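Spelled out, the chains give:
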Amino acid sequence: MMTRGHEGPEMEIFHLLRAVTVEYGLRQAEFAAEHGMHVTDVRALICLLDAERAGIDATAGFLGAGLGLNSAGTTGVVDRLERLGLVSRARDVRDRRRVLLRVEDRAKELGWSYFGPLIDRTVGVLSGFDERQTAAVRLFLTTALDALTPRDR
């Protein structure tokens with residue numbers, strides 16, 4: 001266990017991770033401002049895109065849990081994104097009582113136009129790593145994410 005004030009290599013890496021997340025958050029805020037959104041709207045789009053990649057049906061409840069919002073807050077986010085033409089609601093064909101959220105192609109195009117170069121540069125950095133280094137980065141990030149994720153989620 002680390003003690004307060006300890007500045008070993010582990011803390012240096014933690015501070016670098018924090019700097020990366022802060023910088024990425026700033027890019028998200030810029031993107032949001034450019035497109036008339038709130039930063040939470042961008043986080044919602046990311047959450048919905050992650051669900052889509054994982055093959056998970058995204059409902060408002062799923063989104064609210066992912067964002068830590070109550071029902072009213074989630075409805076506000078979905079309403080804003082729907083008005084902007086970035087998200088749509090559709091009845092689940094298997095269970096007509098459920099409403100699924102879908103990220104529209106326009107949102108994906110906007111996201112790629114802004115974040116694509118950032119992603120390309122980051123992937124370019126990783127492409128210079130060998131298999132062992134890539135595995136170490138993946139292990140660190142997955143276990144760090146697990147350590148930072150509240151246990152009640």
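The model shown is predicted, which means the values in this text are computed figures rather than measured ones.

Q: Quick one: what's the story with the overall build of the protein chain, residue by residue and with numbers?
A: The secondary structure content of the protein chain amounts to 6 helices and 2 strands. Written out in order from the N terminus, the α and β elements of the protein chain read α-α-α-α-β-β-α-α. If you line up the protein chain on its principal axes, its C-alpha atoms span 55 × 35 × 30 Å. For the protein chain, buried positions account for 25% of its 153 residues. Taking all contacts inside the protein chain whose residues are at least 6 apart in sequence as the whole, residues at least 24 apart take part in 48%. Per element, the accessible surface of the protein chain, about 10700 Å² overall, is 59% carbon and sulfur.

Q: Can you tell me about the nonpolar core, naming the residues and giving the values?
A: Taken as a class, soluble globular proteins show a tendency for nonpolar side chains to be buried jointly. One finds F31, M37, L45, L48, L63, L81 and L86 to be the most contacted residues of the largest nonpolar core, which totals 23 residues. The set of elements that each furnish at least two residues to this core consists of helix 1 (9–34), helix 2 (39–54), helix 3 (60–67), helix 4 (71–83), strand 2 (99–103) and helix 5 (105–127). Element by element, the count of residues in this core is highest for helix 2, at 6 residues. Ignoring any residue separated from it by four or fewer positions in sequence, one finds L45 in contact with M37, L81, L86, V87, V103 and A107.

Q: Can you break down helix 1 residue by residue, with the values?
A: The end-to-end C-alpha distance of helix 1 is 38 Å, a good match for the 38 Å that 26 residues give at a rise of 1.5 Å each. Among all positions of helix 1, only L17, R27, Q28, F31 and A32 are buried. Along its buried surface, helix 1 packs onto helix 2, helix 5 and helix 6 (131–148). Phi turns positive one or two residues past the end of helix 1, at G36, with a value near 65°.

Q: Explain the packing of aromatic side chains to me, and be specific about the residues and the numbers.
A: Enumeration over the complete set of coordinates arrives at 4 aromatic pairs. Ring centres of F31 and F115 lie 5.1 Å apart, and the angle between their planes is 50°; on these two criteria the pair is classed as tilted. Here the residue F31 occupies a position in helix 1, and F115 occupies one in helix 5, the gap between them amounting to 84 residues. Taken individually, F31 and F115 each receive the classification buried, so the pair is uniform in this respect. A centroid spacing of 4.8 Å and a plane angle of 75° characterise the contact between Y114 and F115, whose relative ring orientation is edge-to-face. Here the two residues Y114 and F115 agree in accessibility, since each one is buried.

Q: How would you explain the side chain of Q28 if you had to name every residue and give the values?
A: By secondary structure assignment, the location of Q28 is in helix 1. With sequence-adjacent residues up to four places away left out, Q28 is seen in contact with V42, R43, I46 and F115.

Q: Got a sec to walk through the side chain of R27? Specific residues and values, please.
A: With respect to the helices, strands and loops of the structure, R27 is situated in helix 1. Those residues within four positions of R27 in sequence are excluded, and the remaining contacts are Y114, F115 and L118.

Q: Quick rundown of a nonpolar patch on the surface? Include the residues and the values.
A: Taken together, the side chains of I13, F140 and L141 make up a nonpolar region of the molecular surface, amounting to roughly 250 Å² of accessible area. Summarising the element assignment, F140 is placed in helix 6. Its relative accessible area of 34% is what places F140 among the partly exposed residues.

Definitions and cut-offs
Residues numbered from 1 in each chain as written. Predicted model: local features only at pLDDT ≥ 70, side-chain atom pairs only at ≥ 80, totals over all residues. Heavy atoms only, no water. Helix = DSSP H or I, 4+ residues; strand = E, 2+ residues; numbered from the N terminus. Buried < 20%, exposed > 50% of the residue type's maximum accessible area, 1.4 Å probe, protein only. Contact = heavy atoms within 4.5 Å. Areas by Shrake-Rupley, 256 points an atom, 1.4 Å probe, with all protein chains shown as cover. Core = buried A, V, L, I, M, F, W, Y, C linked by side-chain atoms within 4.5 Å. Expected span 1.5 Å × (residues − 1). Phe/Tyr/Trp six-rings, centres within 6.5 Å; stacked < 30°, edge-to-face > 60°. Patch = residues over 30% accessible without salt bridge, like charges linked within 9 Å, V, L, I, M, F, W, Y side chains within 5 Å. Salt bridge = Lys/Arg side-chain N within 4 Å of Asp/Glu carboxyl O.

Purely spatial values, then, with no claim about function.
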